[in-house]
Amino acid sequence: MSKILITGGAGNIGSFITDQCIELGHDVIIADNFYNGKYKNISNHIDSGKALLETIDIGSYEMVRYAFEKHRPEYVSHQASLMILDSDKFPHKAIDTNITGTFNIIQACHEFGIKKLTYGSSASVYGNPRFIPVTEEHPFDNQTLYGATKIAKEALMQSWAYSHNVPYVGFRYFNIYSERQGLGAFYTQVFQKWIHAIYNDQEITMYGDGGQTLDLVHSSDAARANVLALFNDNVKNEHFNVGTGKETSLKEILSLIEKLLGKKASVKYVDSDPHLVRRRCSSIEKIKTQLGFEPVVTVEEGTKKYIDHLIKGKI
Ligand SMILES: NC(=O)c1ccc[n+]([C@@H]2O[C@H](COP(=O)([O-])OP(=O)(O)OC[C@H]3O[C@@H](n4cnc5c(N)ncnc54)[C@H](O)[C@@H]3O)[C@@H](O)[C@H]2O)c1
């Protein structure tokens, strides 16, 4: 069994990677500063001693090196990042976390001879799609600072993989949602906000006409892509889309939440935000063929889990 360090391990995707690595019998070290992660996402594993926690900021090489030297991980999954809205609000912090932080992780992977590194890039690198479905060959046409940091991450990974032999697999995640997410993911935060508001008979805000589409993947599926890639010796130094290839519009998400809650929403329509791309729809041929990955959780199942979780915590 192996030792795996997961940055952002208390977050939306990272906490599912933690679950799945522990289920497989691996030792897990979670490195998180709780900027957006939640202790309750991982508390069961910390209490049982199945995972260890290092509360560090990846923007500091001193802290990153400390965690690597202390735990000597063999594999690393790097999910820590500032999300899209906070990257706009705090651009220097975004550079610190997403670019310097990523470089710190790559450098430590090199220094400590890590076997494989997986990490989170984003479909934001593509910007507004020029063609659908979006393949990995789609040009980078990003329009946000967040997307710029993801492009920088990819370039850093690629350069260090070749010059310093750090084998990696990067994932261009489309819209990854789960009941464990905090706010900050621009697109998928509608789940949390709308379920909460509709349940409490409050008005919801719809950006634009609701025709914008998302390509929704439950975080447990996105986590499985990471676990598959970590332990597959035949796949390295590649980037893969993580999506479903299916579009779901904001209007469809709203109808699903209404149906599952058995309530009708009162909707306030406002102008669409310039951050919002009109369509998200991935091609997942590459990841299917090379990693044997396909998402299994349907949007209906994922939304139901979300609602059950929020209601259990009394919303
Ligand atoms: N959720 C999505 O739809 C989506 C889409 C595209 C890309 N991504 C990428 O996937 C990765 C994981 O996203 P997520 O949805 O789990 O987000 P998340 O915010 O739930 O998880 C990120 C985690 O990183 C931690 N973190 C932030 N700054 C840190 C720092 N300086 N040092 C240590 N820890 C820090 C947060 O506390 C959090 O636990 C990120 O790289 C994100 O950019 C997510």
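Figured I'd write up the structure that's included with this text. (Residues numbered from 1 in each chain as written. Predicted model: local features only at pLDDT ≥ 70, side-chain atom pairs only at ≥ 80, totals over all residues.)

From N to C terminus, the chain includes 11 helices and 13 strands. Radius of gyration (C-alpha) of the chain: 19 Å, near the 20 Å computed for a compact globule of 315 residues. A sequence separation of at least 24 residues applies to 79% of the contacts in the chain between residues at least 6 apart. (Helix = DSSP H or I, 4+ residues; strand = E, 2+ residues; numbered from the N terminus. Rg over C-alpha atoms; globule rule 2.2 N^0.38 Å. Contact = placed C-beta atoms within 7 Å.)

Quick look at the site of the ligand now. In the vicinity of the ligand lie 33 residues, with Gly8, Gly11, Gly37, Ser81 and Gly120 positioned nearest. Elements with a contribution of two residues or more to the shell around the ligand: helix H5 (91–111), strand S5 (116–122) and strand S7 (175–177). A class-by-class count of the residues in the shell around the ligand yields 11 nonpolar, 20 polar and two charged. (Near = placed C-beta within 6 Å. Nonpolar A, V, L, I, M, F, W, Y, C, P; charged D, E, K, R; others polar.)

A few words on the sheet that holds strand S1 (residues 3–7). Taken together, seven strands build an open sheet; the order of strands is S3-S2-S1-S4-S5-S6-S11 and the sheet is parallel. What marks the edges here is a single partner per strand, and that holds for strand S3 (51–54) and strand S11 (238–242). Across the sheet, the mean angle from the axis of one strand to that of its neighbour is 20°, orientation sign disregarded. Alignment of S1 against strand S2 (residues 27–31), held across five bridges, turns out to be parallel. Bridging across to S2, Ile6 finds its partner in Ile30. Here H5 sits on the sheet and contacts S1, strand S4 (75–78) and S5; the angle it forms with S4, its principal contact strand, is near 175°. (Pairing = 2+ DSSP bridges. Axes fitted to C-alpha atoms, helices over the stretch in contact; angles between N-to-C directions.)

What follows is about the packing of helix H1 (residues 14–23) against helix H8 (residues 219–230). How two helices pack is summed up by the angle between their axes together with the distance between the axes. Interaxial distance between H1 and H8 falls to 8 Å at its minimum, and their mutual angle equals 55°. In terms of their interaxial angle, H1 and H8 are classed as oblique. Considering the relative orientation of H1 and H8, their crossing is right-handed. Residues Phe16, Ile17, Gln20 and Cys21 of H1 touch H8, and the partners they reach there are Ser219, Ser220, Ala223, Arg224, Asn226 and Val227. (Parallel < 35°, antiparallel > 145°, perpendicular 65-115°, else oblique. Left-handed = near helix turned anticlockwise from the far one by under 90°.)

Before going further, it helps to spend a moment on unusual backbone geometry. Residue Pro133 follows Ile132 across a cis peptide bond; omega there is -5°. One can find Pro133 in the loop between S5 and helix H6 (145–164). In this structure, Phe34 takes a positive phi of about 60° despite not being glycine. Looking at the secondary structure, you find Phe34 in the loop between S2 and helix H2 (43–48). We classify Phe34 as exposed; it has 12 C-beta atoms within 10 Å. (Buried ≥ 20, exposed ≤ 12 C-beta atoms within 10 Å, placed from the backbone.)

The next point concerns the packing of helix H3 (residues 61–71) against H5. Packing of H3 against H5 brings their axes to within 10 Å, and their N-to-C directions diverge by 35°. Viewed along their axes, H3 and H5 form a crossing whose handedness is right-handed. Residues Tyr61, Val64, Arg65 and Phe68 of H3 form the contact with H5, whose own contacting residues are Asn104, Ile105, Gln107 and Ala108. Each residue belonging to the contact of H3 with H5 can be placed in one class, and the counts come to five nonpolar, two polar and one charged.

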